[in-house]
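# Remarks on the overall topology
This is what each chain is made of:
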Amino acid sequence: MNHDSYSNDYIAEILNTVKSVAVVGASANDVRPSFFVTKYLIDKGFTVFPINPGHAGREILGRMTYAKLADVQEPIDMVDIFRASAAVPPIVDEVLALKPLPKVIWMQLTVRHDEAAAKAEAAGIKVVMNRCPKIEYGRLSGEIGWTGVNSRVLSSKKPVMRQGFQSFGVRQK
């Protein structure tokens, strides 16, 4: 897989099939990017599990926070990593120990680890690096264009309405 460029179809398929997301590095500080990405995903209807050992046992955005991925008692579809690139290999090892395996490992903007990505892909897990699901969702749903940002997606199709706060679904072909 070429991790320098992802097709819109690849990203859209992930965002349309994932239902639950574990945010590794979630923050209770409302000015941190991991806080507003967590809030956005919750508002879009995803089941979100914040992962932060320093905040475990307390809530972030009304969701119980866990110390590690293995503490989550429900299946996780996607693991969103908000940690430095050097912290990715042990997180991928933790992901590979989960039963069932998540479908996707998503590394946030500036986070990339090619060896860990190859290990996850060898186990059948899709990987996205150096991207933000909040930005990609907004871009592919057309929301980001409401503020004049070029989404690089042209469509005359009406947005797919979902339940939740201003929830438009990711466009499908």
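Structure's up top.
Let me begin by describing the structure that accompanies this report. (Residues numbered from 1 in each chain as written. Predicted model: local features only at pLDDT ≥ 70, side-chain atom pairs only at ≥ 80, totals over all residues. Heavy atoms only, no water.)

When helices and strands are tallied, the chain shows 5 helices and 7 strands. For the chain, the N- to C-terminal ordering of α and β elements is α-β-α-β-β-β-β-α-β-α-β-α. Burial statistics for the chain: of 173 residues in total, 45% are counted as buried. Across the chain, every contact between residues at least 6 apart in sequence was considered, and the portion connecting residues at least 24 apart equals 62%. (Helix = DSSP H or I, 4+ residues; strand = E, 2+ residues; numbered from the N terminus. Buried < 20%, exposed > 50% of the residue type's maximum accessible area, 1.4 Å probe, protein only. Contact = heavy atoms within 4.5 Å.)

Spatial ordering of the open sheet is given by β2-β1-β5-β6-β7, a layout of 5 strands whose pairing is parallel. Of all strands in the sheet, those with a lone pairing partner are β2 (47-51) and β7 (126-128), marking the two edges. This sheet shows a mean twist of 15 degrees between the axes of neighbouring strands, independent of strand direction. Note that strand β1 (residues 20-24) and β2 share 5 bridges and pair parallel. What sits directly across from Ala 22, in β2, is Phe 49. Sitting on the sheet, helix α1 (residues 8-17) is in contact with β5 (78-81), β6 (104-107) and β7, with an inclination near 110 degrees to β7. (Pairing = 2+ DSSP bridges. Axes fitted to C-alpha atoms, helices over the stretch in contact; angles between N-to-C directions.)

Relative to the elements of secondary structure, His 3 occurs in the segment before α1. Residue classification places His 3 among the buried residues on the basis of a relative accessible area of 8%. One polar contact links His 3 to Tyr 6, side chain to side chain, over a distance of 2.7 Å. Here the side chain of His 3 touches Glu 121 through a polar contact of 2.8 Å, side chain to side chain. The contacts of His 3, once residues within four sequence positions are left out, are Arg 112, Ala 117, Glu 121, Val 127 and Met 129. (Polar contact = N/O pair within 3.5 Å; in protein donor to acceptor, adjacent residues only side chain to side chain.)

For the rest of this paragraph, the subject is the environment of Glu 94. With respect to the helices and strands, Glu 94 occurs in helix α3 (residues 88-96). Overall, the relative accessible area of 26% leaves Glu 94 in the partly exposed class. As a C-alpha pair, Glu 94 and Ala 70 span 24 residues in sequence and 7.5 Å in three-dimensional space. Dropping the residues within four chain positions of it, Glu 94 is found in contact with Lys 68, Leu 69 and Ala 70.

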